[in-house]
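# A closer look at the structure
The lines below spell out each chain.
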Amino acid sequence: MSSGVGEKEKEKEQVLVEYCKAPNGLEKVVLKELRGSSAEVYLYGAQVSSWKNEHREELLFMSSKATYKSPRPIRGGIPICFPQFGNLGSLEQHGFARNRFWSIDQDPPPHPPDSGNKAFIDLILRTSEEDLKIWPHRYEFRLRVTLGPGGDLMLNSRIRNTNTDGKSFTFTFAYHTYLAVTDISEVRVEGLETLDYLDNLKNRERFTEQGDAITFESEVDKVYLGTPTKIAILDHERKRTFVLRKDGLPDAVVWNPWDKKAKVIPDFGDDEYKHMLCVQAACVETPITLKPGEEWRGRQELSAVPSSYCSGKLDPNKGWCGCPQAFINETVEYKGGHEA
Ligand code: TA6
């Protein structure tokens, strides 16, 4: 009898994590949660490429023109920007982690005991001799991707300096998250109002955001500084709110290329800007420095909850019903810092 039960348990476990090869030839891991949610992660770039709710609705944007071939990064999902966010530095834009082949981490150090989550995968990227030529540091980058029992998607990064020459290293970082939205002109972001930001469209000059929810009617490329641990992204058409929670990542990048920029991005459809918004937990303004042996941790958690509006329009002066206001009112101190 017990073996029968054991078998059933094992079967259930097997359903939760599947390893396979995608039609594009890339290896990927499929995480399934018993009520129907799922997530998919390519070993190439350790990139989450899909996150579906229990109704099998895709919650992440993936461009129809994405290429799934090294060395191009995959356009969509959640590319990992490390060791450099953006193009301020000697490395290629957004660093090299997103266009390297990661491995399954066979013996990950114990993660904090998560609440019985079974659907997770541990990936690891280590220094290569090739990469030492462009970034002369040794590191171990461990990423755990978890699909929670309620369908939440969690990314936990742990980056350790394993230099043996006594040298520290410094990096910037972002989870470059492409959220799928129904109509960008009917989307608003709550939680970033009144904050300072660096505007990438104006030479990274520093400005202060207006006092109410952010809405979109043209290209946006902003790095918000000192942001709260919770940000809400409301898809009015779909009556869906994404809640992004983060730890160890004080900044948040918001990007939509809009029509002109969309046309000049080769792996991005001309009209696809209407159906995506990048909101990224990041550390950009103040780079992270690790001494040998020190480890940094950065977490991003996404959930998608139903939301409804009091007013039919996206009226910034009107509140909205069912708003998980509690999510974004509560400001939990940013718990950055390193662990040796
Ligand atoms: O996250 C915003 C941003 O830095 C934009 O400036 C834009 O370049 C975007 O990233 C996409 O970058 P990518 O290298 O993936 O085309």
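Parameters and conventions
- Residues numbered from 1 in each chain as written.
- Predicted model: local features only at pLDDT ≥ 70, side-chain atom pairs only at ≥ 80, totals over all residues.
- Heavy atoms only, no water.
- Near = heavy atom within 4 Å.
- Polar contact = N/O pair within 3.5 Å; in protein donor to acceptor, adjacent residues only side chain to side chain.
- Areas by Shrake-Rupley, 256 points an atom, 1.4 Å probe, with all protein chains shown as cover.
- Nonpolar A, V, L, I, M, F, W, Y, C, P; charged D, E, K, R; others polar.
- Core = buried A, V, L, I, M, F, W, Y, C linked by side-chain atoms within 4.5 Å.
- Buried < 20%, exposed > 50% of the residue type's maximum accessible area, 1.4 Å probe, protein only.
- Helix = DSSP H or I, 4+ residues; strand = E, 2+ residues; numbered from the N terminus.
- Contact = heavy atoms within 4.5 Å.
- pLDDT = per-residue confidence, 0-100.
- Pairing = 2+ DSSP bridges.
- Axes fitted to C-alpha atoms, helices over the stretch in contact; angles between N-to-C directions.

What surrounds the ligand is the set Arg75, Phe85, Gln93, His94, Arg98, His176, Asp221, Val253, Trp255 and Gln280. Within the side chain of Gln93, one N or O atom sits 2.8 Å away from an oxygen atom of the ligand. Contact with the protein chains covers 81% of the free accessible surface of the ligand, which is 390 Å². A per-class count over the shell around the ligand returns three nonpolar, four polar and three charged.

Bringing the nonpolar core into the picture now. Within the largest apolar cluster, 74 residues are counted, with the highest numbers of intra-cluster contacts made by Phe82, Phe141, Phe171, Phe173, Phe216 and Ile233. Looking at this core, the element that brings in the most residues is strand β20 (residues 276–290), giving eight residues. Ignoring anything within four residues of it in the chain, the contact list for Phe216 reads Ile184, Ser185, Val187, Val189, Val254, Trp258 and Leu277. Judged by nonpolar contacts, the second largest core, of nine residues, contains Phe85, Ala174, Val253 and Ala282.

Let us now look at the confidence of the model for the protein. Averaged over every residue, the pLDDT of the protein is 89; residues scoring 70 or more account for 84%. Averaged pLDDT values for the elements of the protein fall to 45 in helix α4 (residues 325–329) and rise to 99 in strand β11 (residues 178–180). Segment residues 309–337: pLDDT under 50, and 57 contacts once partners within four positions in sequence are set aside and those in other chains are kept.

To continue, consider the sheet that holds strand β2 (residues 27–32). Strand order in the open sheet formed by four strands is β1-β2-β3-β4, and the pairing between neighbours is antiparallel. Looking along the sheet, the strands with just one partner apiece sit at the ends: β1 (17–21) and β4 (47–52). Within the sheet, the average angular offset between the axes of one strand and its neighbour, ignoring direction, is 20 degrees. Bridge count for β2 against strand β3 (residues 38–42) is five bridges, and the pairing is antiparallel. Opposite Lys32, over in β3, you have Ser38 as the bridge partner.

Following Ser70, the chain continues into Pro71 via a peptide bond in cis, with omega recorded as 5 degrees. Position of Pro71 relative to the elements: it lies in the loop between β4 and β5 (80–81). Here the amide bond leading from Phe82 into Pro83 is cis, since omega sits at 0 degrees, within 30 degrees of zero. Mapped onto the elements of the fold, Pro83 is located in the loop between β5 and β6 (103–104). Unlike most non-glycine residues, His94 shows phi in positive territory, near 70 degrees. Among the structural elements, His94 can be located in the loop between β5 and β6. With a phi angle near 65 degrees, Thr194 is a residue other than glycine that sits in the positive phi range. Looking at the element boundaries, Thr194 is found in the loop between β12 (187–190) and β13 (196–199).

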